[in-house]
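Examination of the molecular architecture
Take a look at the letters that make up each chain.
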Amino acid sequence: MINAFLRTLGWALVFLLVVEAITGTALSAFYAPSATDAWASVAYVQDRATWGWLVRGIHFHAASVIIVISGLHLLQVVLAGTYRKPRHQAWWVGLGLLGIIIAIAITGFVLRWDQAGFWANKVEVGIAGGTPIIGDTVRELALGGNDQGNLTVTRFHMLHVVALPALAAILTVLHVRFARKVGEPRDAAQPLRDLVAMAIAMAAVLTLVVSQHGVDLGPPADPAQAYDARPLWFIRWLFELRHLAGSAEKLAALAAPAVVGGILAALPIVDRSGTPEGRARRWPYVGAATGLFAVIAALTVVSIARDANNDARNKAMAAVDKQAAHARDLASRYGVPATGPLDVYATPPMWRARTIYATRCRDCHDAASDKRKGPIIAPGHGGRAWLEAFLKDPNGATFYGKTKLAKTDNAMKPVELPASEMTDLVEALYAESGAPDVDVAKRDRGRAIFEKACTDCHALGEGVAGTSAPGLGGLGSRDYYTHYIGNPKSAIHMGADSEMPRFDKELTIVERDAMAGYLVWLRSATNSQLDALGPL
């Protein structure tokens, strides 16, 4: 009975190969084989296409189940000794088919064009490039140039979608033909057992898919950002062997697959124990082959366990996962720019300005910063409420209280006016921003108040400096902020009293204008609207 079910492994493999062909065809309808579009197309399938995550997950995990069943099928054949003549042709074709299946999986991994696929491919091509005599040619053919790029994606796509599957199909037909030619007669119940095996194999695939919601997708490939790459799980044994080999890692990586393949391919040649009395002599060969499988399994487990216990790597991978989730969220919300997936990080609203603020302004102006030196910049900055609070307490902690200026005689004194006049003065200053919701009557009254109460120090004319304080012409407008950010020490702004550095050398006019636009937006924004912009 056990032998009858073991004989179903081959047909389970054929079934899963058909599943791979069907799901691969579906994925090809969405995939764009170029360095600028590959990641975006995979992200679309995973996160936006109807049932895309399911189809992609089946395609990925079916490959893993194929490898597992192939290994079991291989072990079954070794234990049964059915690799010997007259079944040797089926054995050799089966070994070739397994190699092609592994190659299909490896070439498919790079097509994600995320950090994991990109850097794993870099390592794999580097190893192949170390092959004596033909290494440089292999590397050039694989990459299509000096480094990874568009041609790398298109060539691996061709291998994964056309060349290798065609070869796999041919070898599958040959393997089945050779196996049936010399195989034992099938009883009437065997087809039913085959169907049960296919159902179990598909159930295993679906279990993996549902438990992992398809398959992961890392951040877009970034050649400038190093990544601690790992190969697919079924070649982790080779990765671990490289680790153990130290300085001879490339030699080990090249030699080990050849040794494993050579030993398995040689079994029909060296094992001629076809007669009953010769079967006792077969066990050394069986022992060698099963021992080889055991070593491969052990190295695989050790490699995975080593990573599981590596706290530093786990922390780094958690950061990568967070970055991947952010990139995919941005891709879903704003799309991926035609310039490439790395530019997806620049798609959030006002990304440029918010990045400048985070890197150049936050320390001095963020309410939560323990290094703050200037007024808090937050939603409502420059609005009516902000202006009124400033006029009433310009040297308060929210405004200039943390500056050196606040402790000198040059510091602005609080403005004391009746409530109605304060409202009108605020409207006059608010109107300088060019805001569309200005109350004209209040503005005009406020300008009259300004002329009487403020012109000893300030001026409202455009580009006009005050006598002893900043000029307020265009206060809060985009042009005003652009100029102020460029040179706050200008006579029409804070002059020598400014502790803020000038940015006209560090930031381009486009960057200063973007920052100015952000400040204008903050004037009428709320904290919830700022939060809704999402992280950078």
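Residues numbered from 1 in each chain as written. Predicted model: local features only at pLDDT ≥ 70, side-chain atom pairs only at ≥ 80, totals over all residues. Heavy atoms only, no water.

Moving on, we come to the overall build of the protein chain. Counting secondary structure elements, the protein chain contains 20 helices and zero strands. Relative to its length of 536 residues, the protein chain is extended, with a C-alpha radius of gyration of 35 Å against a globular reference of 24 Å. Expressed along its principal axes, the backbone C-alpha trace of the protein chain runs to roughly 120 × 50 × 40 Å. Out of the 536 residues in the protein chain, the part that is buried amounts to 44%. Element-wise, carbon and sulfur atoms account for 63% of the exposed surface of the protein chain, whose accessible area totals about 27,400 Å². Charge separation in the protein chain, taken as the distance between the mean sites of 53 positive and 48 negative side-chain charges, equals 11 Å. (Helix = DSSP H or I, 4+ residues; strand = E, 2+ residues; numbered from the N terminus. Rg over C-alpha atoms; globule rule 2.2 N^0.38 Å. Buried < 20%, exposed > 50% of the residue type's maximum accessible area, 1.4 Å probe, protein only. Areas by Shrake-Rupley, 256 points an atom, 1.4 Å probe, with all protein chains shown as cover. Lys, Arg positive; Asp, Glu negative; His and termini not counted. Charge placed at Lys NZ, Arg CZ, Asp CG, Glu CD.)

Next up on the list: the packing of aromatic side chains. As enumerated under the stated definition, the model contains 13 aromatic pairs in all. Every member of this aromatic cluster is reached through a ring pair, and the members are Trp 386, Phe 390, Phe 399 and Tyr 400. Its guanidinium or amino end placed over the ring of Trp 119, Lys 122 lies 5.8 Å from that ring's centre, counting from NZ or CZ. (Phe/Tyr/Trp six-rings, centres within 6.5 Å; stacked < 30°, edge-to-face > 60°. Lys NZ or Arg CZ within 6 Å of the ring centre and 35° of its normal.)

For the rest of this paragraph, the subject is the packing of helix H2 (residues 9–28) against helix H8 (residues 150–182). Between H2 and H8, the least distance of the axes is 12 Å, while the angle of their chain directions is 160 degrees. It follows from the interaxial angle that H2 and H8 lie roughly antiparallel. The two elements H2 and H8 cross, and the hand of that crossing is left-handed. For the pair formed by H2 and H8, the contact residues are Trp 11, Val 14, Leu 17 and Ser 28 on the first element and Val 161, Thr 172 and Val 176 on the second. Residue classes in the contact of H2 with H8 are distributed as five nonpolar, two polar and no charged. (Axes fitted to C-alpha atoms, helices over the stretch in contact; angles between N-to-C directions. Parallel < 35°, antiparallel > 145°, perpendicular 65-115°, else oblique. Left-handed = near helix turned anticlockwise from the far one by under 90°. Contact = heavy atoms within 4.5 Å. Nonpolar A, V, L, I, M, F, W, Y, C, P; charged D, E, K, R; others polar.)

Tracing the backbone through its elements, the reader meets Ser 41 in helix H3 (residues 38–47). On the basis of relative accessibility, which here comes to 9%, the residue Ser 41 falls in the buried class. What Ser 41 contacts, discounting residues up to four positions off in sequence, is Phe 30, Tyr 31 and Ala 32.

Turning to the pattern of salt bridges, a few remarks are in order. Summed over all chains, the structure comprises 20 salt bridges. Between Glu 240 and Arg 306 there is a salt bridge, and its shortest N-O distance comes to 2.4 Å. Here Glu 240, found in helix H10 (residues 236–245), pairs with Arg 306, found in helix H12 (residues 283–308); they are 66 residues apart in sequence, far enough to count as distant. On the basis of relative accessibility, which here comes to 38%, the residue Arg 306 falls in the partly exposed class. Between Arg 384 and Glu 427 there is a salt bridge, and its shortest N-O distance comes to 2.8 Å. You can see Arg 384 sitting in helix H15 (residues 384–392) and its partner Glu 427 sitting in helix H16 (residues 419–431), a full 43 residues away along the chain. Connected through salt bridges with shared partners, the residues Asp 228, Arg 230, Arg 236, Asp 307 and Arg 313 form a single ionic network. (Salt bridge = Lys/Arg side-chain N within 4 Å of Asp/Glu carboxyl O.)

The next thing to look at is helix H11 (residues 249–270). Each α-helix turn comprises 3.6 residues. Residues three or four places apart therefore point the same way. In this model, H11 (22 residues) spans 30 Å end to end at C-alpha, consistent with the 32 Å of a helix rising 1.5 Å per residue. A maximum bend of about 25 degrees is found in H11 at Ala 255, where proline Pro 257 lies one to four positions downstream. Listed in full, the buried residues belonging to H11 are Ala 252, Ala 253, Ala 256, Val 260, Leu 264, Leu 267 and Pro 268. Looking at the buried residues of H11, the elements they touch are helix H4 (52–80), helix H5 (88–110), helix H6 (115–128), H10 and H12. (Expected span 1.5 Å × (residues − 1). Bend = angle between axes of the 7 residues up to and from the residue.)

Here we come to the domain arrangement of the protein chain. Taken domain by domain, the protein chain holds domain 1 (2–229), domain 2 (230–309) and domain 3 (351–532). When each unit is reduced to the centre of its C-alpha atoms, the spacing between domain 1 and domain 2 is 20 Å. Together, Tyr 83, Arg 84 and Ile 127 form the three largest contributors to the area buried by domain 1 at its contact with domain 2, with a combined 25%. At the junction of domain 1 and domain 2, the tally comes to one salt bridge. (Domains from an automatic or database assignment. Buried area = accessible area lost by both parts, 1.4 Å probe.)

Taken together, Phe 5, Leu 192, Leu 195, Val 196 and Ile 200 make up a surface patch of nonpolar side chains, about 480 Å² in accessible area. Here the nonpolar patch gets four residues from one element, more than from any other, and that element is helix H9 (residues 190–211). Structurally, the position occupied by Leu 195 is in helix H9. For Leu 195, a relative accessible area of 53% corresponds to the exposed category. (Patch = residues over 30% accessible without salt bridge, like charges linked within 9 Å, V, L, I, M, F, W, Y side chains within 5 Å.)

The biggest cluster of nonpolar side chains holds 78 residues, and the ones touching the most others in it are Ile 69, Trp 91, Trp 113 and Leu 264. Both domain 1 (2–229) and domain 2 (230–309) contribute no fewer than three residues apiece to this core. Not counting chain neighbours up to four residues away, the residues in contact with Leu 264 comprise Leu 74, Trp 91, Leu 95 and Phe 293. Within the second largest apolar cluster, 36 residues are counted, among which are Tyr 357, Leu 405, Phe 450 and Met 494. (Core = buried A, V, L, I, M, F, W, Y, C linked by side-chain atoms within 4.5 Å.)

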